[in-house]
Structures are given as C-alpha cells and as structure tokens.
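# Observations on the model geometry
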Number of protein chains: 2
Amino acid sequence: MSVKKVPFFELEARMKRFRDKMDKSNPEWRIAVIFSKINMYYFTGTMQDGMLLIPRDKEATLWVRRSYERALDESAFSNIKPMESFRDAAASVGKLPDTVYMETEVVPLALYQRFRKHFPFDFVKSADMQIAAVRAVKSSYEISLMEQSGKIHQQALEMRVPQMLKEGMSEAELAGELFSALIEEGHHGVSRFRMFDTEMLLGQIGFGESSIYPSYFNGPGGNYGMSPAVPLLGSRERKLKKGDLVFVDVGCGVEGYHTDKTMIYMFGKPLSQEAIDAHQRCIEIQNEMAAMLKPGEIPSQIYRTVMNKLDAGFLRNFMGYGNRSVKFLGHGIGLQIDEFPVIAEGFDEPLEEGMAIALEPKKGIENIGMVGVENTFLVTPDGGRCITGANPGLICVY
Amino acid sequence: MSVKKVPFFELEARMKRFRDKMDKSNPEWRIAVIFSKINMYYFTGTMQDGMLLIPRDKEATLWVRRSYERALDESAFSNIKPMESFRDAAASVGKLPDTVYMETEVVPLALYQRFRKHFPFDFVKSADMQIAAVRAVKSSYEISLMEQSGKIHQQALEMRVPQMLKEGMSEAELAGELFSALIEEGHHGVSRFRMFDTEMLLGQIGFGESSIYPSYFNGPGGNYGMSPAVPLLGSRERKLKKGDLVFVDVGCGVEGYHTDKTMIYMFGKPLSQEAIDAHQRCIEIQNEMAAMLKPGEIPSQIYRTVMNKLDAGFLRNFMGYGNRSVKFLGHGIGLQIDEFPVIAEGFDEPLEEGMAIALEPKKGIENIGMVGVENTFLVTPDGGRCITGANPGLICVY
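Residues take numbers from 1 onward in each chain, read along the sequence in its written order. Labels are handed out in written order, letters beginning with A for the chains and numbers beginning with 1 for the ligands. Totals for whole chains, interfaces and linings use every residue, but because this is a predicted model, local features are given only for residues with pLDDT of at least 70 and side-chain atom pairs only at 80 or more, for both listing and counting. As a rule here, side-chain values cover all heavy atoms of the structure and leave hydrogens and water aside.

## Brief notes about the packing of helix α4 (residues 86-93) of chain B against helix α5 (residues 109-118) of chain B
Residues and elements named next belong to chain B. Where α4 meets α5, the closest approach of the two axes is 9 Å, and the angle between their N-to-C directions is 45°. Viewed along their axes, α4 and α5 adopt a mutual orientation that is oblique. In terms of crossing hand, the pair formed by α4 and α5 is right-handed. Contacts from F86, R87 and A90 in α4 reach L111, R114, F115 and H118 in α5. Of the residues that constitute the contact of α4 with α5, the class distribution is four nonpolar, one polar and two charged. Only the stretch in contact is used when fitting a helix axis, every axis being a line fitted to C-alpha atoms; angles between N-to-C directions are given from 0 to 180 degrees. To qualify as a helix, a DSSP run of H or I must reach at least 4 residues; to qualify as a strand, a run of E must reach at least 2; elements of each kind are numbered from the N terminus. Oblique is the label for every angle not falling under 35 degrees (roughly parallel), over 145 degrees (roughly antiparallel), or within 65 to 115 degrees (roughly perpendicular). A clockwise turn of the near helix away from the far one marks a right-handed crossing, whereas an anticlockwise turn of less than a right angle marks a left-handed crossing. It only takes one pair of heavy atoms within 4.5 Å for two residues to be counted as in contact. Gly counts as polar in this scheme, as do all residues outside two lists: the nonpolar Ala, Val, Leu, Ile, Met, Phe, Trp, Tyr, Cys and Pro, and the charged Asp, Glu, Lys and Arg.

## Brief notes about the state of the cysteines
All names here are of chain B. To count as a disulfide, a pair of cysteine sulfur atoms needs to be within 2.5 Å. Enumeration over the complete set of coordinates arrives at zero disulfides over all chains. In this model C282 remains outside any disulfide bridge; the closest cysteine sulfur is found in C386, 16 Å from its own. Only protein chains enter the calculation, and the probe is 1.4 Å; a residue is then buried if its accessible area is under 20% of its type maximum, exposed if over 50%, and partly exposed in between. For C282, a relative accessible area of 0% translates into the label buried.

## Let's talk about the sheet that holds strand β8 (residues 245-254) of chain A
Consider a sheet: its strands pair through backbone hydrogen bonds, and that pairing is either parallel or antiparallel. All names here are of chain A. If you trace the four strands from one edge of the open sheet to the other, you get β7-β8-β9-β17, paired in mixed fashion. Strands at the two margins of the open sheet, each flanked by one partner only, are β7 (203-207) and β17 (395-397). The sheet shows a mean angle of 30° between the axes of neighbouring strands, direction not considered. Pairing between β7 and β8: five bridges, direction antiparallel. When the sheet's bridge partners are listed, Q204 is paired in β8 with D249. Strand pairing is assigned whenever DSSP detects at least two bridges linking the two strands.

## Notes on the interface of chain A and chain B
Listed as interface residues are 68 residues of chain A and, on the opposing side, 68 residues of chain B. Roughly 5,900 Å² of surface becomes buried between chain A and chain B when both sides are summed, with 55% attributable to carbon and sulfur atoms. When the buried surface of chain A facing chain B is broken down by residue, R66, R70 and P228 of chain A rank first, second and third, together holding 14% of it. Think of a salt bridge as a Lys or Arg side-chain nitrogen and an Asp or Glu carboxyl oxygen that are within 4 Å of each other. Where chain A touches chain B, the interface holds six salt bridges. A salt bridge links E199 of chain B to R192 of chain A, with the shortest nitrogen-to-oxygen separation between them at 2.6 Å. Under this definition, polar contacts are N or O atom pairs within 3.5 Å; protein pairs additionally need one hydrogen-donor-capable and one acceptor-capable atom, and for neighbouring residues in sequence, both atoms have to be side-chain atoms. For the pair chain A and chain B, the number of links is 41 residue pairs in polar contact (both at pLDDT 80 or more). Defined in terms of a 1.4 Å probe, buried area is the accessible area two parts forfeit on being brought together, summed over both.

## Here's the deal with the UniProt feature "domain: Creatinase N-terminal" (unreviewed entry) in chain A
UniProt positions are given in the numbering used here, feature names are shortened, and annotations may be inferred rather than shown by experiment. Taking the UniProt record as the reference, the feature "domain: Creatinase N-terminal" (unreviewed entry) is found at residues 14-137 of chain A. Secondary structure within residues 14-137 of chain A divides into 44% helix and 23% strand; the distance between the first and last C-alpha atoms comes to 10 Å.

## Notes on unusual backbone geometry
Note that the residue after R66 of chain A, namely S67 of chain A, is joined by a cis bond; omega there is 5°. Counting through the fold element by element, S67 of chain A comes out in the loop between β3 (61-66) and α3 (68-74).

## Topic: the relation of the copies chain A and chain B
For these two chains of identical sequence, chain A goes onto chain B by a turn of 180° and a shift of 0.0 Å along the axis, with RMSD 0.0 Å. Here the copies are linked by what is in effect a two-fold axis. Identified as the residue of chain A closest to the rotation axis by C-alpha distance is P108 of chain A, at 2.0 Å. Comparing interface residues between copies, 100% of those in chain A also lie at the interface in chain B; the contact surface is shared. Only residues with pLDDT of at least 70 in both copies count here: their C-alpha atoms drive the least-squares fit that superposes the copies.

## Thoughts on the pairing of strand β3 (residues 61-66) of chain B
All names here are of chain B. Of all six residues that make up β3, five are buried, and the element is covered over most of its length. Where strand β2 (residues 49-55) meets β3, five bridges bridge the pair, whose relative direction is antiparallel. Paired with G50 across the strands is V64, a residue of β3. For β3 and strand β4 (residues 80-82), the ladder comprises three bridges, and the chain directions are parallel. Across the sheet, L62 pairs through a bridge with I80, a residue of β4.

## With respect to the packing of helix α1 (residues 8-25) of chain A against helix α6 (residues 128-136) of chain A
Residue and element names in this part refer to chain A. In contact at an axis separation of 10 Å, α1 and α6 are set at 135° when each is read in the N-to-C sense. By the angle between their directions, the pair α1 and α6 is classed as oblique. Crossing handedness for the pair α1 and α6: right-handed. Contact residues: α1 offers R14, R17, F18, K21 and S25, while α6 offers Q130, I131, A133 and V134. Among the residues making up the contact of α1 with α6, the classes are represented as four nonpolar, two polar and three charged.

## Notes on the pairing of strand β12 (residues 356-359) of chain B
All names here are of chain B. Neither face of β12 is exposed, since A356 and A358 on one face and I357 and L359 on the opposite face are all buried. Where strand β10 (residues 330-332) meets β12, three bridges bridge the pair, whose relative direction is antiparallel. Residue G332 lies in a different strand from β12, and its bridge partner there is I357. Direction of pairing for β12 relative to strand β15 (residues 375-378): antiparallel, over a ladder of four bridges. In the strand pairing of β15, A356 is matched with L378.

## Comments concerning helix α4 (residues 86-93) of chain A
Residue and element names in this part refer to chain A. Every buried residue of α4 is accounted for by F86, A89 and A90. Axial view of α4: buried residues confined to an arc of 105°, hence all on one face. What points out from α4, more than 90 degrees from its buried face, is the exposed set R87 and A91. Against the buried residues of α4 lie β2 (49-55), β3 and α5 (109-118). Of the residues trailing α4, G94 is marked for its positive phi of about 80°. Working note: the arc is built from the helix axis to C-beta atom directions.

In structure tokens form, the structure reads like this:
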C-alpha cells in the first residue's frame, strides 16, 4: 500500500513552532511528554502506543511500544525508537528535568503515576494550552486537507441529504445513510473531540423537537439519541413526518483534518414565519462574524460585539434551548472538532492568518427545533473564507 | 419518545454488589467517585457530564452538570441533583474522607486536580479493579441484551457478509456496508473499549495480508487502516481479489452491551492447506477453552493449559503475526469490549456464572493473513454457552 505520509518539512515546522512556544511561555521549560495519539500524530505523523519526549535542547524521540514497525512505515519523523516498557526507555533516557510538561487534560492519573514511577520528577505542569495554540494556526498543507474535507461536506449536506429525506424514515436511518455517503465522498470516517469522554461518532441529527432535546454534549443542538446507553446517535423511534424541521450537524474529515457544518431542512411544508425569521437572523450573524475573522481581531471582542447587539427576545433559546445555552459562538477546528481559539469570553489573543474556525449561531424554537447554521472558515486579511459551501440552509424538501 | 430505562432493581443490585466489593477489598474504604460515562451508566442508567459520589454508608448521589433534565428523563436512579460547578456541589457535600477511590485509569490528571481543589482529600486510590470485578458478572437483564446482540452479530457475519463480498471492493467499502447492515439489524452503533485512547469504531476488517499488518491495537489481528491519521478503519486502496482471505473482527451491541465475533471467509478460491489446517486448529482450541468456561475454573490456568499443549511450530505467529503476539486468548465483555476477566496470566480469581467472555484463538499465516475465530460465551455450569452463532468460519464465497 502507498502511505500518505505527513511531509518531513511539515513535522519540522510544527516542532519548531512548539519549541518557540515553550521559550515564550516559560524560559525554564525543559521537556514535554506527549501520550495522546492526536498530538503524537501532529508532531510525528503516526499514532502509536508509546510516547514522544520533546526536550528543549535535544532532538525529540518517539518511543513506540506498539507498533514500532508501522511507525517506521508511515512516519517521516527522524528519531523513532522501540520500547518494551517504561523501564527500558527510562534506562536509555536517564534523569528527566525537575519539571515535566504533560497533556494533563488527556493523560489518566494511573498512566501519569506509572510514568512517574519510572521517570521520577518533582513537578508536573500542563502543556495543553501551548500545544493547542500551536495547532490552532494551520499550515498550507493542513489547509489543503481541510479544503478537501469542506468540499465533501458541502456535497453531502447540500446535495445528497435532500435526496435522502423520506417520510417515515428514522433519525438513525438518516444517520446511517449520511455516514455511508460521507465515506463514499472521501470522509475519513470519524469525528474527533478534545473534551473528556465525548463520543460523537458522526454528529447530531434531529427531526423537529428532537433537535432541542438536551444532551451532555457541550453544543447548541440536541437529539433524543438511540437510547440512554448511546445518547448521541440518532433515534430509531423518531420518524420523519411532513412539516418537520431536519437538523443535521455533523463532522467530516480528510487525513485527520476536520470541517464542521450544520444544515437545516424543511420537510414537506414550510416552517412557521417565526422559525424562518430566526434562521435568517442566524445567517446574518454568521456573516457578520465571518467578516471579523481577520488577523488581529480578538475572539472575545467578536463574541461581545455580536452578543451585545442581540435583544433579550432573540437571546431567549439562542445557542441552546431553555437553560442550556452554550457560552460560545464558534470554535477552532483541525485534527479535532473542538480546538482553539473559541469565539467566547476569555479568548483574548488576536486571531492569526491560517486559523480555522467554525461559526455556529443557532436558536431553538419551541415545538419546532433548532434553526441556524454552521460553516467552517479560514482567517484571512479579507475576513473569514468559507470552505464548506455557501448555501444558507433551510432547504425545502418536498 | 419512550425511554428504555435500566430498571431500578438492576441499579440497586449493582450498587449493592459494589458496596460489598468495597467492604471486601478494604474495610476502611469510605467513598468512591465516578466520572466516566460508562461506569456512571452502569450504576445510574444515564450518561451525563457530572459525577457519581458513592459514600460507603450513605445514599449515593449523581451530580449532573449537563443535562440534569435528561438524567431525570432517562434514569431510574433515585438521587439525582443538579450542579453548576464543583464549587456548588462541594458546598453541599461537605468534607470528603481522607482517602478517595477514583477511576484512575480514566480520569485525566487535570480533572483530578480540579476535583481535588474543591473537594480536598489526602490520598487517592484506584477503584478500577473493583468496578471491573463487579461489572464482570452479568445479570439476567444484561445477558438478555447480550443475547440480542449475539443474534444480530451472527446474522450480519454469517449471513450478510458473504453476500457483500465483491471482487474489486475496498476494505473501507466493506466496512461501510457492514456498519449499515449491523445498524439495520439493531446494532447500537458503537464499539467501546476501556484501553487508553483506543478508537476502534467498528473493528478490524482486512483483506489478505492486510489482516496481519501491525497496528497499535492490543489484539491479534491487524489492518492497513485508511491512513496514518485513521489507522484502524479499512483501507480504500486494498481491493478484494480472488484468492483473498477476508478477516472480519467487529463489535456489535444492544443498549450498551456488546458481543465480539470474528469470521474468516475465502473469496474466489480455497486457501492453502496450511491456512485451512491452522484455522481448524484454532476452532478446536476455541472449543476446548469453551468447555472450561465453568464457575470455579481459573482464567490463568485455562490460558496455561491451552498454551502448554501447543508446539513451537504452531505458536509461531499464534495470537499475532511476527513479534506482536498478544498475551491472552480471550477477554471479558459487556458495556466495553475489553472487560475482565482476561484469559491470561495473572487472572487467578475463579470464573463465576454469568461472566461473559470472548474467546479468540487466531494465527497469522505468511502472505495470506489471519485465520482463526472469535465468539462470545457465557460461563455456565455446563461450560461456555456461545451466544454469537456456531458457524466455524472459513466460509467459501465464490
């Protein structure tokens, strides 16, 4: 098989940017240890059971427990070593610096304890934010994969979903058909998230009021789910009927890189004027925000600028139905769907060219469901460039 | 929508068994805190963003950040409270005991640190093994769901896959079609694992030599994967050709409860006699092991009994190709596919009636692929009762 490797120059540039970030955030920072497969992939181009040690002043080493052979096949990273156990690697690595930076939002306590037993050190600090900041700015290699994903996404949601909707079909059936269509068009088959214990295989697909039913997922939409045991997949019981709003918020990806997109459809007959008006207002908000996605703009200011313009009536059920509105209007996206920066309070670092952000203004309408839109944009000097299609949604399917 | 709740008596029995386990493992054990959605579901019947506090001598409390409303809808658990933040809950809960038991194999270091900041305590201990031991013994409610899953599994792999195989199709296409078929038959749509950072959405599907290509996954099979970024999904490039062995090792589930099954097919023409003989020997090993799945038998002894009978020639590439043989012959299964007990060294506690175990003797054959079998069994006084069908595999598809 031919392997599409992440190019060597790409890996080198990422590592250099991370080392610069280490210096900038703390000149005493001497080492980072990476365990998560996503960050391992970002820096080495392969996902294995192992760990990546990044000392500040020496070459980084990818230690692989399983599979060393596959890591060599598919990674352009220059320094890959086999390891049977932490003990082996520790004998070769020697003493670590006093303070070790780790992915504290990902590494389970027991893994941390096992690692520390063989690699004793005094203090642990979090490398999560610095890695997130490096990953937030996409290279042209990454952007080209996201553009491919955006085209697949557009084709699937704007062209193919309208042909799938049939009276009497269940949410689960639509999810199955859409998943097949996405794979057929080139989707890499998975939607990945940073958030702890979040299992969003495809996305949220809801018919009518199902799309405002609450879930643990930290997003504006909702859905009944298949059962309490599988709360985020489409329901087998909720069947599509004439007059239903159809809410489709799914991830798509190519070679690990995602786009995010939401489309709304009217099935069988038009929705109420209230729903249509709210939807149009969400489109306007998306476009106003997109115009602000320029280098130098501040995410928290974009958030406040938009929120301050909305009156109390519109804010009711905006970004989530009832008491579960989320505190953001958009989010960074790349190897995972929930990356930095977030368009929210607290994100005060200026946008940079090459950042990728999904904007998703949405509003719940009682008894009808969730209206609004989501598309993925690239930050450019001319404002956000949409890579997932321009259809304003609320597509009529009769 | 009608909600299929986990029955109250079921939740009560699980909690009682866990409290007994607390007493037995350490009379000083005063509290356990559960964060993972799988264990939260096991004890409360709902998966939410929140935490379950289980004091030894008081009623357990499910604190829910999101969604409290949904938790009330779908859980029969008697004590559910809303929480805005750890701070809120801490004010109401008061001081914790000195030692707190947590899911240390799951809870990320940063979540642990945030929790401990608001709920100060001196020592943390692992509750992972005790919870695993309680979950290992299935109730009749759980067994009936696993039996349903087994029927779907049998239908999909024994009846439907042979009809799907077409010359020139890719592994990815087979994966997509099989996933749709499983969902159509009633599969809950996901395969869940305990292992850290393991993303096995469906299972391993490999044509010919792809099925012995290494991956990070800790199992005997392998596959090329879609790309380095999605290493465990089927390849788009490896196309089915006449004479190929087809290896299908996938999970299936109903209402959260899984079965595991592997079937091997010969496409277009028979495999070599060496491969057929090795496959037959794996079937015999499965049946020998199944006969030992009785209450009182010791998993590590079953492992040694089987391994000691095999000669060096057969052991070559047994349970994994080349240097990557795994150190087990079977594994417990339930809400996750990799549960306790494992048929391996170190598992010295006797089997109990109601345990569910997938047996998977497999052997790699150079240039041909992985032969062997896997089925899911229930431990009974008469030996293992297979719930995933009796077809010995190596199905000819011409």
